[in-house]
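Inside the fold
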Amino acid sequence: LKPYVLAIDGPAGAGKSATARGVAKRLGLLHVDSGAMYRAAAWIAVTAGADLDSEVEVLRAVEGVRFEATEEGFLANGRLVGPEIRSADAGEAASRVAVHPGIRRQLVAIQRSLARPPGIVMEGRDIGTVVFPKADLKIFLSASVEVRAHRRFLELESHGEAADLAAIESMIRDRDRRDESRAQSPLLPAGDAIRLDTSELTLEEEVALVGRWAELGRRGPGPTTIFYWFGSRFVKVFSRTMLKFRIEGLDHVPRTGPLIAACNHISFWDPPLVGSNFPRVLHFVAKAELFRNKVFGAMLRGYNSIPIQRGLRARSGLLGAEEVLNEGGAVLIFPEGTRNKSGVLMPPRAGIGRLAAVTRTPVLPIRISGSNQIRRSLRRQTLVRIVIGTPMTPPIRADLDRAVENAFAVRVMEAIAALPGL
Ligand code: C5P
């Protein structure tokens, strides 16, 4: 059994620890705070009288120290590392120690060894980029500097430490700069990370949202029909051998969890070309009329197509798609609602904004070009190009506001337009 790995990264004060702990508890997974390892290493080095800016001295100090992650917390040489590493100074020291490549290598090796079934929620700065580049789900938390400083202020106060808000704010700015600009493992979101700004979210909302994505992600991709399996492999081989074809950004696709792939629409080739070359099973939305013919309808269903249903229960007008997303699947949607052979991008319909908001699903913008000239591509005269962007976070508290949903749909179309075409 493969462990489920949820990577939560982000800067200090973005809410990583509380979110990671809450989600791990909800899913029954081990929570590992990788920052605590850097803090413990720094603390051990300071205790040993090492110069923190000297990699050799720090390495010598921590050499042979045994680190363990347990349900109770973090152990160094069998001893629980406690409040001594929680001060602002300890954080500062950790950040200085964390620039040394040799230290990072050692701690990363320990971090990787902690991934055991049923799985882990690991928080840090480089978990999705370096420690677990193939994590099942990656979340990158952020929040404004002001919000993060205020949170750290309250946290330090709760430990009984005297704190100065302005000083914390400037320390956070400095630490961000150091973490973002260091040569090894700089603090940057992975291409397939879902970015979540927590400035205006409560902890409960964060845990509910990330917990939902991870819980659905853990269920796996669900059953596939033989018809889909063969069909998508056939089209994939066809596109990669017969066409002049290129796909970019495959490493931007979150491996698990609900996902809306949003693509511009210029040819009836778009669903099979995107679907078969996408690294996850996709479900397609199609007009209900197409399913009227029994044989063709059965084929469409076999190929993961869902008829668009309208009605009272369909809050987004896309009931079948809601069902797929609520089970953790991925759906391909054409936000423009209809095909435009000319290749010009059109304004979106509201559907995608509503669907993303109602099901709280991240959206992956995709741009296809050249598929309206398949014959030229067969003759190697035109490139069929698919470019996958990075995940967009859905409107989170938009249930009551159509304007927010429509604005999100427009943003999705803008993100598609911003991707390179031919
Ligand atoms: O998250 P926390 O504030 O406990 O981390 C302390 C410091 O450890 C960070 O400022 C960062 O420099 C370093 N760190 C890191 N990589 C991680 C976790 C923490 O470089 N995965």
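Now for a look at the structure at hand. (Residues numbered from 1 in each chain as written. Predicted model: local features only at pLDDT ≥ 70, side-chain atom pairs only at ≥ 80, totals over all residues. Heavy atoms only, no water.)

1. Looking at the pairing of strand 11 (residues 282–286)
Side chains on a regular strand alternate between the two faces of the sheet. Of all five residues in strand 11, four are buried; the element is thus mostly enclosed. Bridge analysis of strand 11 against strand 13 (residues 330–333) gives three bridges, and the strand direction is parallel. The partner of His283 across the bridge, within strand 13, is Val331. Pairing between strand 11 and strand 12 (residues 305–307): three bridges, direction parallel. Residue Ala286 lies in a different strand from strand 12, and its bridge partner there is Pro307. Read from strand 11 through helix 12 (residues 294–302) to strand 12, the crossover connection turns out right-handed. (Buried < 20%, exposed > 50% of the residue type's maximum accessible area, 1.4 Å probe, protein only. Helix = DSSP H or I, 4+ residues; strand = E, 2+ residues; numbered from the N terminus. Pairing = 2+ DSSP bridges. Right-handed = clockwise from strand over helix to strand, strands pointing away.)

2. Focus on the packing of aromatic side chains
By the definition in use, this model includes seven aromatic pairs. Ring geometry for Phe284 versus Tyr303: centroids 5.9 Å apart, planes at 20°, classification stacked. Residue Phe284 is located in strand 11, and its partner Tyr303 is located in the loop between helix 12 and strand 12; the two are separated by 19 residues in the primary sequence. Tyr303 sits in the buried class, given a relative accessible area of 16%. Taken together, Phe227, Tyr228, Phe284 and Tyr303 form an aromatic cluster joined through their ring pairs. Stacked on the ring of Trp229, the Lys or Arg Arg233 has its end atom at 4.0 Å from the ring centre. (Phe/Tyr/Trp six-rings, centres within 6.5 Å; stacked < 30°, edge-to-face > 60°. Lys NZ or Arg CZ within 6 Å of the ring centre and 35° of its normal.)

3. Some words on unusual backbone geometry
Note that the residue after Pro117, namely Pro118, is joined by a cis bond; omega there is 0°. Here Asn77, not a glycine, exhibits a phi torsion of approximately 50°, which is positive. As for its placement among the helices and strands, Asn77 is situated in the loop between strand 4 (74–76) and strand 5 (79–80). A residue is classified by how much of its surface remains accessible, and Asn77, at 44% relative accessible area, is partly exposed. Notably, Asn304 is not glycine yet its phi reads approximately 60°, a positive angle. For Asn304, the location among the structural elements is in the loop between helix 12 and strand 12. Assessed through its relative accessible area of 9%, Asn304 is described here as buried.

4. Some words on the pattern of salt bridges
One pass over the structure, following the stated rule, counts 17 salt bridges. Of the charged contacts, one joins Arg173 and Glu146 as a salt bridge, the two residues approaching to 3.7 Å between their closest N and O atoms. Of the two residues, Arg173 is situated in helix 8 (residues 165–181) and Glu146 in helix 7 (residues 145–158); the sequence distance between them amounts to 27 residues. According to the relative accessible area criterion, Glu146 is partly exposed, its value standing at 46%. Across the pair Asp174 and Arg177 runs a salt bridge, and its minimum N-O distance is 3.3 Å. Of this pair, Asp174 and Arg177 are both found in helix 8, three residues apart, which corresponds to roughly one turn of the helix. Note on Asp174: relative accessible area 42%, which makes it partly exposed. Exposure remark for Arg177: the relative accessible area of 52% places this residue in the exposed category. Residues joined by salt bridges that share partners form a network here, namely Glu92, Arg175 and Arg178. (Salt bridge = Lys/Arg side-chain N within 4 Å of Asp/Glu carboxyl O.)

5. Regarding helix 8
Counted at 1.5 Å a residue, the expected span for helix 8 with its 17 residues is 24 Å, and the 24 Å between its end C-alpha atoms agrees. Within the sequence span of helix 8, burial applies to Ile168, Ile172, Arg175, Asp176 and Asp179. In an axial view of helix 8, the angular spread of the buried residues amounts to 105°, which keeps them on one side of the axis. Turned more than 90 degrees from where helix 8 packs its buried face, Ala166, Arg177 and Ser181 sit exposed. Two or three places before Ala166, at the start of helix 8, stands the capping residue Asp164, its side-chain oxygen 3.1 Å from that residue's backbone nitrogen. (Expected span 1.5 Å × (residues − 1). Arc of directions from axis to C-beta. Polar contact = N/O pair within 3.5 Å; in protein donor to acceptor, adjacent residues only side chain to side chain.)

6. Concerning the pairing of strand 14 (residues 363–369)
For strand 14, the buried fraction is high: seven of the seven residues fall into the buried class. With four bridges joining them, strand 10 (residues 259–263) and strand 14 adopt parallel strand pairing. If you follow Cys263 over to strand 14, its bridge partner there is Ile366. Here strand 14 runs beside strand 15 (residues 384–388); their pairing, made up of four bridges, is antiparallel.

7. Examining the site of the ligand
With respect to spatial proximity, 15 residues lie near the ligand, and among them Ser34, Arg39, Arg104, Arg175 and Asp179 are the closest. In the model, an oxygen atom of the ligand is placed 3.0 Å from a nitrogen or oxygen of the Arg125 side chain. Asp126 has a polar side-chain atom sitting 2.9 Å from a nitrogen atom of the ligand. For the ligand, the accessible surface in isolation is 460 Å², of which the surrounding protein chains cover 98%. Here the element with the most residues in the shell around the ligand is helix 2 (residues 34–47); it accounts for four residues. (Near = heavy atom within 4 Å. Areas by Shrake-Rupley, 256 points an atom, 1.4 Å probe, with all protein chains shown as cover.)

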